[in-house]
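What the coordinates show
So you can see what is in the structure, the chains are spelled out below.
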Amino acid sequence: MTGLLCYCRQGFEPELAGELNERAGQVGVAGYARAQRNDGYVLFVTDAADAMAQRLPWRELIFARQKLRVLAELPQLDPSDRITPILAALHGHARFGDLWVEHPDSDAGKPLSGLARSFGNALRPALRKAGLLTDKANDKLPRLHIVFVDGTHAFVTVADTRDSAPWPLGIPRLKLLPDAPSRSALKLDEALLTLITPEERETLMQPGMRAADLGAAPGGWTWVLTRQHLRVTSIDNGPLRQHVLDTGLVEHLRADGFHWKPETPLDWMVCDMVEQPRKVAERMATWLREGWCKHTIFNLKLPMKKRWDETRLCLDLFAQQAERPLMIRAKQLYHDREEITVFATATKRR
Ligand code: SAM
């Protein structure tokens, strides 16, 4: 069995399966998604896993927290010796730069964390002895992931370190700082880490830039922007926390985020207003079309049903109505629940 194994938020397997099926078709790869609700992962079965992995970068997948290429599925492991079949599956393979033993982030997967830890400690020396693992972690080489979905069923998979989440389980463990005004602050922190590469961040977000935050109260996203030394106009009828205002970088306006516009163009606009996703997508498109901002990060709250269809529809609507070339990336972040986060930036007009 070969294919791709992607992790997702538990309950979002149908969305990830829908996305993988559709994107595979678009990039000319034959195969099908194998998914069960609440598994926390989806398997895309295909003979062309290499081609699919290359054509669908991890950053461009919306519902995938991680993207792994499957080398083997071992559905009936003997608990008294799980190592031998894994070594056999890897026979002849080039050396890996690291080993992560993981499990899906699901109700069934989480109890496997103890097994994953102890099995990793046992497997590591066996891999080194077989010449399959470097002595020290080396991120220039592919990373081996052993994914347990139960105690006797594992996938032997590999990640390209330049095209995968750099966090175990695909989850960035961000710490909520004590003076963060809300847990939402973690969403914008995660978006900046996940949707934008470190090189892009350096040029796109610089001290002194000007931003608007639509739906800003109590101030989590505004606070994240001020920590990057941006000047922020924060729009919300609700109050902002005093220490956010005390930064001296923030102007708070009690206005409607769907009507307010800046007097002069800004670098950034972020938006966390809880509203119909199509309405948000249209307003965000207006900002880019009119040139009111160059870059944006916004959330789209997803409905209960047909969430993949709604995602695609809103992103298409956004791209069309912006009426200019854009680079758009979207992800369901770890800190997103029933929503996705979108990053878009205007690219040069052709
Ligand atoms: N991002 C914020 C943070 O990090 O603290 C949390 C935002 S909260 C999820 C949504 C906010 O959107 C609420 O404070 C609400 O008042 C605001 N909101 C909803 N509709 C709005 C509108 N039409 N104009 C301005 N603010 C709006």
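Everything below is about the structure printed above this text.
Here's a quick rundown of the structure. Note that the structure is predicted; figures quoted are calculated from it, not measured.

By the criterion of burial, helix 5 (residues 185–194) is predominantly enclosed, with eight of the ten residues buried. The set of residues buried in helix 5 consists of Ala185, Leu186, Lys187, Leu188, Glu190, Ala191, Leu192 and Thr194. Tucked into the core, helix 5 has its buried residues touching helix 6 (198–204), helix 7 (220–227), strand 11 (266–271), strand 12 (293–301), strand 13 (326–331) and strand 14 (339–346).

Right, let's talk about the environment of histidine 91 for a bit. Structurally, histidine 91 is set in the loop between helix 3 (83–89) and strand 5 (98–102). The exposed category is assigned to histidine 91, whose relative accessible area is 73%. When the C-alpha positions of histidine 91 and arginine 65 are compared, they lie 29 Å apart, and in sequence the two are 26 residues distant.

Attention now goes to the site of the ligand. Taken together, 17 residues surround the ligand, and among them Ser182, Gly220, Asp236, Gly257 and Asp272 come closest. Glycine 257 places a main-chain nitrogen or oxygen 2.7 Å from a nitrogen atom of the ligand. Here aspartate 272 contributes a side-chain N or O atom positioned 2.8 Å from a nitrogen atom of the ligand. Protein coverage of the free-state accessible area of the ligand, which is 610 Å², stands at 77%.

A few words now on the packing of helix 5 against helix 7. In the contact formed by helix 5 and helix 7, the axes pass within 7 Å of each other and the chain directions differ by 45 degrees. If you check the angle between helix 5 and helix 7, you find them oblique. Crossing of helix 5 over helix 7 shows right-handed handedness. Contacts between helix 5 and helix 7 involve Ala185, Lys187, Leu188, Asp189 and Leu192 on the former and, on the latter, Gly220, Trp221, Trp223, Val224 and Leu225. Among the residues forming the contact of helix 5 with helix 7, the class breakdown is seven nonpolar, one polar and two charged.

An order of 10-9-8-11-12-14-13 is seen for the seven strands of this open sheet, with the pairing classed as mixed. In this open sheet, the two strands that pair with only one neighbour each are strand 10 (250–253) and strand 13. Ignoring strand direction, the axes of neighbouring strands in this sheet form an average angle of 15 degrees. Relative to strand 12, strand 11 is paired through five bridges, and the arrangement is parallel.

Definitions and limits used
- Residues numbered from 1 in each chain as written.
- Predicted model: local features only at pLDDT ≥ 70, side-chain atom pairs only at ≥ 80, totals over all residues.
- Heavy atoms only, no water.
- Buried < 20%, exposed > 50% of the residue type's maximum accessible area, 1.4 Å probe, protein only.
- Helix = DSSP H or I, 4+ residues; strand = E, 2+ residues; numbered from the N terminus.
- Contact = heavy atoms within 4.5 Å.
- Near = heavy atom within 4 Å.
- Polar contact = N/O pair within 3.5 Å; in protein donor to acceptor, adjacent residues only side chain to side chain.
- Areas by Shrake-Rupley, 256 points an atom, 1.4 Å probe, with all protein chains shown as cover.
- Axes fitted to C-alpha atoms, helices over the stretch in contact; angles between N-to-C directions.
- Parallel < 35°, antiparallel > 145°, perpendicular 65-115°, else oblique.
- Left-handed = near helix turned anticlockwise from the far one by under 90°.
- Nonpolar A, V, L, I, M, F, W, Y, C, P; charged D, E, K, R; others polar.
- Pairing = 2+ DSSP bridges.

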